Amino acid sequence: SQVGSSPAHVANIKLYARELIEFFGSDTPVIDITQGRVDEYRRHAAAAHVQVWRGGPRKRAKAPAKIGTIDRKRSPAAVNHRLKCLRAALAQAHRIKDPVTGSPMLPFPPTVTPVPAPKRRPSPMPDAELFARLAQAPPWVRDVAELARYFGLRRAEALTVTLAHIDRGERALRLDGAATKSGRDEFARPVPGGWEVLDRLARQARARGAA
């Protein structure tokens with residue numbers, strides 16, 4: 001179920017489903033999707049090139065047919081998202097029972113094996129390089145970077161912090177569930193030095209007349 005998922009995630013699921021239907025055929029019974037066909041789709045998805053949308057601001061809603069490709073194959077993660085969608089569809093068919101026999105409509109679902117994805121260790125930017133870049137940035141960029149650094153915020157979270165998010169009792173930022181990845185209200189607590197940075201930014205905001 002995609003209940004509670006973001007509109008962008010639901011749009012991606014619809015995209016993957018359309019690709020599956022185009023490949024297997026809308027009139028193909030699920031019982032006829034053999035292991036060989038699944039493996040063929042896996043190779044097809046891994047060989048596909050990245051598509052770019054050219055339909056304007058609301059690309060997928062207004063002009064889904066206006067697409068092009070670039071000279072780069074899909075990443076393993078992008079391929080595996082599609083394979084996960086196929087795996088879920090086959091599992092759902094396996095759970096559906098024949099109304100007459102009571103047996104699964106798809107007794108033995110094919111195996112959908114993900115493509116190998118390289119594991120990379122994160123390599124944070126060295127402090128010296130970060131500070132050198134921030135020295136050339138506008139003041140608001142430095143403020144956002146400091147919030148993200150001290151409170152562990154994602155970019156969207158750091159850009160939308162207001163005075164209303166500050167919880168002085170907890171000495172933290174209270175993030176509304178609608179804006180968090182988990183969907184629950186959360187506290188973003190600072191590392192040492194972060195509360196002083198937040199207090200300074202709050203005083204500056206009030207001096208500018210922010211509510």
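Structure's up top.
The notes below deal with the structure included here. (Residues numbered from 1 in each chain as written. Predicted model: local features only at pLDDT ≥ 70, side-chain atom pairs only at ≥ 80, totals over all residues. Heavy atoms only, no water.)

Re helix α6 (residues 139-151)
Quick note on the threshold: Secondary structure counts use DSSP, requiring at least four H or I residues in a row for a helix and at least two E residues in a row for a strand, with both numbered from the N terminus. Given a helix with a known number of residues, its expected span is that number minus one, times 1.5 Å. When a residue's accessible area, from a 1.4 Å probe over protein chains only, is under 20% of the maximum for its type it is buried; when over 50% it is exposed; and in between it is partly exposed. As used here, the arc is the angular range of directions from the helix axis to the C-beta atoms. It only takes one pair of heavy atoms within 4.5 Å for two residues to be counted as in contact.
Spanning 13 residues, α6 covers 18 Å between terminal C-alpha atoms, matching the ideal 18 Å at 1.5 Å per step. Buried within α6 are the following residues: V144, L147 and F151. The arc enclosing the buried residues of α6, seen along the axis, measures out at 60°, which places them on a common side. Considering only its buried residues, α6 is in contact with α7 (155-159), β4 (172-175), β5 (186-188) and α8 (194-207).

With respect to the packing of aromatic side chains
Filter applied, for reference: Planes of paired rings set the category: under 30 degrees apart is stacked, over 60 is edge-to-face and the rest tilted, where pairs are Phe, Tyr or Trp rings (Trp by its six-membered ring) whose centres lie within 6.5 Å.
One pass over the structure, following the stated rule, counts 3 aromatic pairs. Summarising the aromatic geometry, the rings of F23 and Y41 are spaced 5.1 Å apart at their centres and angled 65° between planes, so their arrangement reads as edge-to-face. Taken together, the positions of F23 in helix α1 (residues 7-24) and Y41 in helix α2 (residues 35-47) put the pair 18 residues apart, joining distant regions of the chain. In terms of burial, F23 and Y41 fall into one category: buried. Aromatic side chains F24 and Y41 sit 5.7 Å apart centroid to centroid with 40° between the ring planes, which places their arrangement in the tilted category.

Some words on the nonpolar core
The criterion, for reference: For our purposes a nonpolar core is just a set of buried Ala, Val, Leu, Ile, Met, Phe, Trp, Tyr and Cys residues, chained together by side-chain atoms within 4.5 Å.
In terms of nonpolar packing, the biggest core is built from 18 residues, with F24, Y41 and L86 touching the most fellow members. At the level of secondary structure, the elements contributing two or more residues to this core comprise α1, α2 and α4 (76-95). If you tally residues by element for this core, the top one is α4, at 6 residues. Ignoring sequence-local partners within four residues, the contact set of Y41 consists of E19, L20, F23, F24, R82, L83 and L86. Judged by nonpolar contacts, the second largest core, of 16 residues, contains V144, L153, W195 and A202.

Let's talk about the sheet that holds β5
Short version of the rule: Between any two strands, pairing holds if DSSP finds at least two bridges.
The strand order across the open sheet formed by 3 strands is β3-β4-β5, and the pairing between neighbours is antiparallel. With one partner strand each, in any of the chains shown, β3 (166-167) and β5 form the two edges of the open sheet. Note that β4 and β5 share 3 bridges and pair antiparallel. Looking across to β5, one finds that L173 is bridged to A188.

Regarding the pattern of salt bridges
The condition that has to hold: Salt bridges are identified by distance alone: a Lys or Arg side-chain nitrogen within 4 Å of an Asp or Glu carboxyl oxygen.
Throughout the structure, instances matching the rule amount to 10 salt bridges. Where R74 meets E19, a salt bridge forms, and the shortest distance between an N and an O atom there is 3.1 Å. Highlighted residues: R74 in the loop between β2 (67-73) and α4 and E19 in helix α1, separated in sequence by 55 residues. Take R74: its relative accessible area is 13%, and that puts it in the buried class. Among the ionic contacts, a cluster of salt bridges with common partners joins E19, R74 and R82.

A word on the environment of V161
Along the polypeptide, V161 turns up in the loop between α7 and β3. Each C-alpha atom of the pair V161 and V144 lies 9.0 Å from the other, and the pair is 17 residues apart in sequence. In contact with V161, not counting residues within four places along its chain, are L147, L153 and L173.

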